[in-house]
Amino acid sequence: MTWSKLGIFTAVGRIYGLRVALTDLRLANVASLIATHEAWADIRSGTAASLARWRRRSTQIVNPAFSWKTAFDFFLAATGTTYHTHLHAESRQRARPVRPFRTLYRKMAGATLQNWQEYLRSRVEAKGWNGELLVRGLQRLPRSVPQAHRWFLLKLHLNAPLTSARYAAARTVDEAEPCAFCQLPGGDKAAHLLQCPAVLAAYDAVAGMAALPPLADARGPLMMQVDLDGASVAGVVAIFHAVWDIRAMCRRGISYEGHAQLVELIWKSLLCPWLMRCSPTKCRQQRRAERVREPNPVPDTVMYRSDGASRGQGGSEDSVAGWGAAVWRAAPHGQGTGAPLAEARGFLGRNVSNNVAEYHGLLQCMRRAARADDRCVMFEVDSMLLAMQLARYRPWACRSENLLDLHRECVRLGERMAETGVAWSIRHVYREFNQVADSLANRAIDERGTNGYSQAW
Ligand SMILES: [Zn+2]
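What you are looking at is a predicted structure, and each value in this text was computed from that prediction instead of being measured.

**Q** Let's hear about the overall build of the chain: which residues, and what values?
**A** The number of helices and strands found in the chain is 20 helices and six strands. Looking at the 457 residues of the chain, the share that counts as buried comes to 33%. Contacts in the chain between residues far apart in sequence, at least 24 positions, make up 66% of those at least 6 positions apart.

In structure tokens:
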């Protein structure tokens, strides 16, 4: 996520009623730049003269805080008025003197809120729901809905719940784990949980006592697609948030028996959620350590592994990045161990993000694979993002501008390989099993600017 996109969190705060203490840095930079100019009268007269000569009025401004002129353009493009007009209008309305920074920031934040609503709508519509109804439904939610439930809704709407179905899509595990409630194989995904028969039966039992409407499928009310009053939707959200908590408990190894106990757990979670948090849990590293596993062996397949590395603050001027790639011969008993057949590494320079570096590594592998005449090829990367995007897993579709060209090139190479009859696939492996490519990428950074391809590459 680029830093400018962080703006969505300041906006979703308002759309979902979340208490998020965040400032949109991009807007704050523009506002403070303009406010500084406003603060001194002698600068102001000078800038007014040079602004009269300023001709470029572009709507595509990459870095609006580059100079006060780009800031001026950005304000105009975002809000439709110049900042002078807005400040004068504000000062005429109020008795007290206006504070330029706050006034300008609020105006821009209000104007960009609409863009983020558009964005949210497009994400929801990509999943086949009506975005208009969703935004309107969110406005109808009662103020008493707690913050945790609002976050839960946000996650559902933006495809964020991390279930084992995600790891299956990245081919880290063979298939998603069974549903924790009805044991349906591969049922551990957000979409199933909302229509799981065991969960809906428990819902009916709880809803009967709480005077909530019966449900055949919870996706309608949770995506705000059905015409329910705000209080009922809040009730449905509360119950499914509790169900989600119980699912997490089951993943941590706590089991329950039968329908009656599930209903009881949901009640308990609704009445005193803090009790549910007492179940033993593990820290992030521990949970990761449990998940890490060796990739399944794939016999008679040429194995490419690539990695990208970036040091320093991602995408900033003092960050440096490089990529590394290695290939192993097909072996009858599984994937490449021992010394690689060929390896390559390259330095990408400054101001390159880690994902771009990862893509460069993969691209080199795919180019070599397209040249070579191997019939069976596997690409392994330790970036979940890459594996998902190349596997065309919809929720992870490539939307980022700096990745689009690299992504297209990879897809093109993949299609060319498929046309010539090469069976290829890509999967995610844990970084513990990608040491060779990782050390190549780091060597490329250490050596700065010497690209190295071994003879067999
Ligand atoms: Zn189920």
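**Q** Which residues make up the packing of helix α4 (residues 68–79) against helix α6 (residues 100–126), and what are the values?
**A** Relative orientation of the contacting elements α4 and α6 amounts to 45°, with a least axis distance of 9 Å. As summarised for this structure, α4 and α6 are arranged oblique, according to the angle between their axes. Once α4 is placed against α6, the crossing between them reads as left-handed. Facing F75, A78 and T79 of α4, the residues of α6 in contact are L104, K107, M108, A111 and T112. Across the contact of α4 with α6, the residue classes tally to five nonpolar, two polar and one charged.

**Q** Tell me about the packing of helix α17 (residues 354–371) against helix α19 (residues 401–419), and name the residues and values.
**A** Orientation of α17 relative to α19, taken along the N-to-C sense of each, is 20°, at an axis distance of 10 Å. Taken together, the axes of α17 and α19 lie roughly parallel to each other. Both α17 and α19 take part in a crossing whose hand is left-handed. Of the residues in α19, those in contact with N355, V356, Y359, L362, L363, M366, R367, A369 and A370 of α17 are N402, L403, L406, H407, E409, C410, L413, G414, R416 and M417. Residues belonging to the contact of α17 with α19 are distributed by class as follows: twelve nonpolar, four polar and three charged.

**Q** Which residues make up the environment of G349, and what are the values?
**A** Topologically, G349 is positioned in strand β3 (residues 342–350). Along the backbone, G349 and R448 are 99 residues apart, and their C-alpha atoms lie at a distance of 7.8 Å.

**Q** Kindly report on the pairing of β3, identifying the contributing residues and their values.
**A** Here strand β2 (residues 320–328) runs beside β3; their pairing, made up of eight bridges, is antiparallel. Bridging across to β3, V320 finds its partner in R350.

**Q** Please give an account of unusual backbone geometry that cites residues and values.
**A** Glycine aside, residues mostly have negative phi, and peptide bonds are mostly found in the trans state. Residue Q183 is not a glycine yet carries a positive backbone phi of 65°. Mapped onto the fold, Q183 is located in the loop between α9 (164–169) and α10 (190–193). Under the C-beta neighbour-count criterion, Q183 is labelled exposed, with 9 such atoms within 10 Å. Backbone geometry places D300, a non-glycine residue, at a positive phi of 55°. For D300, the position within the fold is in the loop between α16 (284–291) and β1 (302–311). Residue classification places D300 among the exposed positions, given that 11 C-beta atoms sit within 10 Å.

**Q** With reference to specific residues and values, describe helix α11 (residues 197–210).
**A** Each turn of an α-helix holds 3.6 residues, which means side chains three or four residues apart point in the same direction. The terminal C-alpha atoms of α11 lie 20 Å apart, and with 14 residues this matches the ideal 20 Å at 1.5 Å per residue to within 8%. Looking only at α11, the buried set comprises V199, L200, A202, Y203 and V206. The arc that holds the buried residues of α11, viewed along the axis, is 160°, so those residues lie on one side. Pointing more than 90 degrees away from the buried face of α11 are the exposed residues P197 and G208. In this structure, the buried residues of α11 make contact with α10, α13 (230–251) and α14 (258–271). Trailing α11 by a residue or two, A211 shows a phi angle of about 60°, which is positive.

**Q** Tell me what's going on with the sheet that holds strand β6 (residues 452–453), and back it up with residues and numbers.
**A** Overall, mixed pairing links the six strands, which are arranged β5-β4-β1-β2-β3-β6 in an open sheet. Single-partner strands in this sheet number two, and they are β5 (423–428) and β6. Here β3 runs beside β6; their pairing, made up of two bridges, is antiparallel. Note that in β6 the partner of A344 across the bridge is Y453.

**Q** Any details on the nonpolar core? Residues and values, ideally.
**A** Within the largest apolar cluster, 42 residues are counted, with the highest numbers of intra-cluster contacts made by Y304, A325, L362 and F379. Two domains each provide a minimum of three residues to this core, namely domain 2 (139–291) and domain 3 (302–453). If near-sequence neighbours (up to four positions away) are discounted, F379 is found in contact with Y304, L362, C365, W424 and I426. In terms of nonpolar packing, the next biggest core, distinct from the first, is built from 41 residues, V124, L200, L212 and L265 among them.

**Q** Describe the pairing of β5, naming the residues involved and giving the relevant values.
**A** Only one face of β5 is covered, namely the one carrying W424, I426 and H428; the face carrying A423, S425 and R427 has none of its residues buried. Direction of pairing for strand β4 (residues 376–381) relative to β5: parallel, over a ladder of six bridges. In the strand pairing of β5, M378 is matched with S425.

**Q** Can you break down the environment of A344 residue by residue, with the values?
**A** Within the secondary structure, A344 is located in strand β3. With 17 residues separating them along the chain, A344 and V327 place their C-alpha atoms 9.1 Å apart.

About the criteria used
Residues numbered from 1 in each chain as written. Predicted model: local features only at pLDDT ≥ 70, side-chain atom pairs only at ≥ 80, totals over all residues. Helix = DSSP H or I, 4+ residues; strand = E, 2+ residues; numbered from the N terminus. Buried ≥ 20, exposed ≤ 12 C-beta atoms within 10 Å, placed from the backbone. Contact = placed C-beta atoms within 7 Å. Axes fitted to C-alpha atoms, helices over the stretch in contact; angles between N-to-C directions. Parallel < 35°, antiparallel > 145°, perpendicular 65-115°, else oblique. Left-handed = near helix turned anticlockwise from the far one by under 90°. Nonpolar A, V, L, I, M, F, W, Y, C, P; charged D, E, K, R; others polar. Pairing = 2+ DSSP bridges. Expected span 1.5 Å × (residues − 1). Arc of directions from axis to C-beta. Core = buried A, V, L, I, M, F, W, Y, C linked by C-beta atoms within 7 Å. Domains from an automatic or database assignment.

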